[in-house]
Amino acid sequence: MNHTPGFKILSQSSEMLTLFGSHFLYVSRTLSLVSLCSPTVVELNHSLTSVIPESALLIIIGWILGGIIYGADKMQTFTLTPTVFFFYLLPQVILDAGYFMPNKLFFSNMGAILVYAVIGTCWNAATVGLGLWGCWLGGAMGDIDIGLLQFLLFGSLIAAVDPVAVIAVFEEVHVNEVLFIMVFGESLLNDGVTVVLFNVFDAFVSLGGAEIDAVEIIKGIISFFVVAFGGSLVGIIFALLISLLTRCTKNIQIIEPGFIFILGYLSYLTAEMLSLSAILSIVFCGICCQKYINANMDERSVTTVRYVMKVLANGSETIIFVFLGISAIDPAVWVWNTGFILLTLLFIFVFRFIGVFLLTWILNKYRLVPLEFIDQVVMSYGGLRGAVAYGLVAMLDENKFKEKNLMVSTTLIVVYFTVMLQGITMKPLVTWLKVKRAAVTELTLAEKIQNRTFDHMLVAIEDISGQIGHNYMRDKWHNFEERWLCWFLMKPSARKSRDYIFNIFHQLNLKDAMSYVKEGERRGSLAFVRNETKADVDFNKKFRASFSEIMPDIMADNMGPDHVPLSSILQDIVPSVCLDMHEQDLTMRESEDFNAHHLLQQHLYRGRKQHRHRYSRSHLETNRDENEVQEIFQRTMRSRLESFKSAKMGVAPAKKIQTKHQKKDKPQKMPNGNSSDKSKNHPYGDKGTCSLLFTSLLGHQPPVVCIIIQSHSKAISRICLILENRLD
Amino acid sequence: MIWCAAVLPNTNTNSMNRWFSCFLFNIVTPAHIVRLYDRFEALDKEKTGHLRPQDFGAINRLAMNPIGDRIIGAFFSPGQETVDFHSFVRILAHFRPADKKRPKDPSMPEPVNSRTSKLKFAFQLYDQDKDGKISRAELLQVLRSMLEMQVTEEQLESIADRTIQEADLDKDDAISFEEFRKSLEKVNIDHKMSIRFLR
């Protein structure tokens, strides 16, 4: 391929400058226009958006707006130009996708995602292109000035599944996480393929058909690898940069969020400048840096980054869809060719289905959990095309592609078809299929319980047998990451607070504290906090102080993919169980027909395989299953402590002191009075037994606790106290 | 077998015979054994050649599993405090996919990964006192551990009652192994209780 990088950089940067100058006014007008219609979107009724996805509604608004503008100006002044789209609107959306990507899920399904992204996209491109060419030869399209290469080019740009459209539609349709990550991951990664194919065929068209020989084709294949891996590498380098930066910004925390966005955008531009895949670059930048920057940055910076990212992404997405609508109202662009358009629609639909089913059939031979039929249907049906295709087609050179307008029209129709029709019918289709499958098998209670037991059993056995092979690599990567990367990229204080068990322990403590205060406020007075538990209050403060240097950043939730400040989690999650229990009792007494099935459905703990990571454009939620994990952990520790006590101390398990939520009566012992005495005489107060306690409970001594035991001897008794208070 | 003796220390004729029973039905291959031995060694931090409950407790993720402790208990035969490698493999061998092509020979002992053996393993998770029946109390215990904390006692008991009602055929208010097996006859046990040891 004949790029001269230097010239390209120069031309691109000069283009950017002129672009900036002349388009500043244009962009600001555009943004103000769109900001007028955003409130209308916001006010849209939720029942409406659950039937018609937001993206479809936005396109309709775009049509209306386009009609108004066209009526006013007699020509379309606003269109979605490729430059605006690719440089101003797309990066935020992709950065948001990368930053909030559930990494574990993504990388564990990476093989399947790559298969779909690379092979699937190539298949789509080839079949659509060749199919259309065949039909053209057969005369179905009439007389158009087009050739095989142009068909292949068109196939390659229309084949790519679009991430923006996918998120927009899947937001309403709740599918299981594996399925979601497959489609979503595919839509992000297929950019590598699309860019290469597009450029390759573009170059081929310029060369003309005669010049193509094996050398050119081999060059094309090599360029795929260069573009894809190069783009990812650029992204990873920028991720490293960002992580290092956040490591050093302890004293200038206020500008940390700015860095993330600037460097993220820079990774996009750098990759674009080097003619590599820009989308892959920014995706990997987001994916690789999330963990480190969330650990390094101050809690408020993390919150800022999250919210600003969502704002930008939402804004961009809105603008993109509205513009897709507006661009349609432009008679200059429209060329109608029934054969071409209808055949394109047919081919992308049919070949998508065939491709997905074929690839899944091959993949299922290697997968532990096969993809079911309904998943495959949703995956094929969810292959939506969107603005990226439109952006690419608008970039075509009119002189080389005589039928550019036809292609543009077709692309627009394809986009509308997939986003609107498939978007609207996706949910009913899924419901219908699920209903159909559910009706066939009606499980008994025993089967339901047993199924869940099996899930938990399998997860436990997998943990015990330490699944490797595929996880061997993961273990190795983990070790490497723990030793080298975390040392290099994370602040020392952030590193210390990484112990998982300790985090859970700390969160349970915080939850207790919050529920305690809430209970106090519910009872109506600060007096509750002040007199009855004076000792406790002091205790808590002291406890916090002795831990403060060890866990300054524990407030940033390191546990899951969604990093939300704890205070906001705790506000929502602490249940006032008392009231709930009464309500439930009432309904139970009222209705004889007690639905055990429904209860099981609601309240059985989900096995690890079924945990749901919701990626959502508009909601910042925590993984609600962390609650489950904490409950289970608490119970297990409780029962282990009881058996430990009865085994070692020969005493019956102690009377229940005030437990987490369930007891509202006064504790039977004064929390601090008796127990602290107990701690002095009891072996629990002893350093050695305390560590023994931990070892038996947790199987190992969490490293942080070792530090605690060594350096804060007074705190030892307090730890044991907390453990007792918590776990009894 | 000789290979086995070379790789695993402490292999004498007694244990070789025990390995033979596993190999006979081709349940675990030598590659599996090596893999599992690595894992055994990784868990056995003090290199005693046996595993104690604490070693299992070191697996953090098991603490997040509602029936994690029960599974750990299943590895230990009643009265035994430790698990040696053979028992370790034997329990894990329950989770190998069953060999559908094996001829049903009543004179041979049931292989560890057959449907019946798997169901027996699952049954024993419920039946902690090993009386051959899942009593109401035992079922309640399991249910309690698998349901969220906000479910009340009354609701739990109701579910337990209905479950026993569905499965109990001889009306003795407990679920025997036969009733257990019958209630799960439509479930694909093999699919639900198999994992791969190698990838």
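- As recorded in an unreviewed UniProt entry, chain B goes by the name EF-hand domain-containing protein, listed as coming from Oncorhynchus tshawytscha.
- In the Sequence similarities (unreviewed entry) part of its UniProt record, chain B is described as follows: "Belongs to the calcineurin regulatory subunit family. CHP subfamily."

- For chain A, the name recorded in an unreviewed UniProt entry is Sodium/hydrogen exchanger, with Oncorhynchus tshawytscha as its organism.
- Under the UniProt heading Catalytic activity (unreviewed entry), the note attached to chain A is "Na(+)(in) + H(+)(out) = Na(+)(out) + H(+)(in)".
- Its UniProt record gives chain A a comment under Sequence similarities (unreviewed entry), which states: "Belongs to the monovalent cation:proton antiporter 1 (CPA1) transporter (TC 2.A.36) family."

1. Side note on the interface of chain B and chain A
Point 1. Tallying the contact residues gives 59 residues for chain B and 63 residues for chain A.
Point 2. Both sides together, the interface formed by chain B and chain A hides about 5,800 Å², and carbon and sulfur atoms give 63% of it.
Point 3. At the junction of chain B and chain A, the tally comes to zero salt bridges.
Point 4. Inspection of the region where chain B meets chain A yields eight residue pairs in polar contact (both at pLDDT 80 or more).
Point 5. The element that contributes the greatest number of residues to the side of chain B that touches chain A is helix 10 (residues 153–167) of chain B, accounting for seven residues.
Point 6. In terms of residue class, the side of chain B that touches chain A is built from 33 nonpolar, 13 polar and 13 charged.

2. With respect to the nonpolar core
Point 1. Grouped together as the largest cluster of nonpolar side chains are 138 residues, with contacts concentrated most on Phe85, Leu90 and Leu132 of chain A.
Point 2. Sorting elements by how many residues they give to this core places helix 9 (residues 177–207) of chain A first, with 17 residues.
Point 3. Judged by nonpolar contacts, the second largest core, of 64 residues, contains Ile461 and Ile464 of chain A together with Phe85 and Val112 of chain B.

3. Regarding the UniProt feature "domain: EF-hand" (unreviewed entry) in chain B
Residue and element names in this part refer to chain B.
Point 1. Per the UniProt entry, the sites bearing "domain: EF-hand" (unreviewed entry) are residues 114–149 and 155–190 in this numbering.
Point 2. The distance separating the terminal C-alpha atoms of residues 114–149 is 35 Å; by composition the span is 64% helix and 8% strand.
Point 3. Along residues 155–190 one finds 61% helix and 8% strand; the C-alpha atoms at either end are 32 Å apart.

4. Overview of the confidence of the model for chain A
Residues and elements named next belong to chain A.
Point 1. When pLDDT is averaged along chain A, the result is 72, and 65% of the positions lie at 70 or above.
Point 2. In this model residues 533–594 is a low-confidence stretch, pLDDT under 50, and it forms 105 contacts with partners more than four residues away in sequence or in other chains.
Point 3. Throughout residues 699–724 the model reports pLDDT below 50, and contacts reaching past four residues in sequence, or to other chains, amount to 55 contacts.

5. Some points on the side chain of Ser243 of chain A
Residue and element names in this part refer to chain A.
Point 1. Along the chain, Ser243 falls in helix 10 (residues 214–248).
Point 2. Taking relative accessible area as the criterion, Ser243 reaches 1% and is therefore assigned buried.
Point 3. If sequence neighbours within four positions are ignored, Ser243 has contacts with Cys289, Tyr292, Ile293, Asn296 and Leu489.

6. Focus on the state of the cysteines
Here, disulfide denotes a covalent bond that connects the sulfur atoms of two cysteines.
Residue and element names in this part refer to chain A.
Point 1. Overall, the coordinates contain zero disulfides over all chains when judged by the stated rule.
Point 2. Unpaired in terms of disulfides, Cys289 finds its nearest cysteine sulfur in Cys285, a separation of 4.9 Å.
Point 3. For Cys289, a relative accessible area of 2% gives the class buried.

7. With respect to the pattern of salt bridges
Point 1. For the coordinates displayed, the defined rule picks out 14 salt bridges over all chains.
Point 2. Across the salt bridge formed by Lys310 of chain A and Asp96 of chain A, the nearest N and O atoms sit 3.5 Å from each other. Within this pair, whereas Lys310 of chain A is found in helix 13 (residues 299–328), its partner Asp96 of chain A is found in helix 4 (residues 82–99), the two being separated by 214 residues in sequence.
Point 3. Given a relative accessible area of 6%, Lys310 of chain A falls into the buried group.
Point 4. Given a relative accessible area of 0%, Asp96 of chain A falls into the buried group.
Point 5. The salt bridge involving Arg300 of chain A is made with Asp298 of chain A; its shortest N-O contact spans 2.9 Å.
Point 6. Within the structure, one salt-bridge network assembled from shared partners comprises Glu46, Arg52 and Asp55 of chain B.

Each value, and the rule that gives it
- Residues numbered from 1 in each chain as written.
- Chains lettered and ligands numbered in written order.
- Predicted model: local features only at pLDDT ≥ 70, side-chain atom pairs only at ≥ 80, totals over all residues.
- Heavy atoms only, no water.
- UniProt positions renumbered as here; feature names shortened; annotations may be inferred.
- Contact = heavy atoms within 4.5 Å.
- Buried area = accessible area lost by both parts, 1.4 Å probe.
- Salt bridge = Lys/Arg side-chain N within 4 Å of Asp/Glu carboxyl O.
- Polar contact = N/O pair within 3.5 Å; in protein donor to acceptor, adjacent residues only side chain to side chain.
- Helix = DSSP H or I, 4+ residues; strand = E, 2+ residues; numbered from the N terminus.
- Nonpolar A, V, L, I, M, F, W, Y, C, P; charged D, E, K, R; others polar.
- Core = buried A, V, L, I, M, F, W, Y, C linked by side-chain atoms within 4.5 Å.
- Buried < 20%, exposed > 50% of the residue type's maximum accessible area, 1.4 Å probe, protein only.
- pLDDT = per-residue confidence, 0-100.
- Disulfide = S-S within 2.5 Å.

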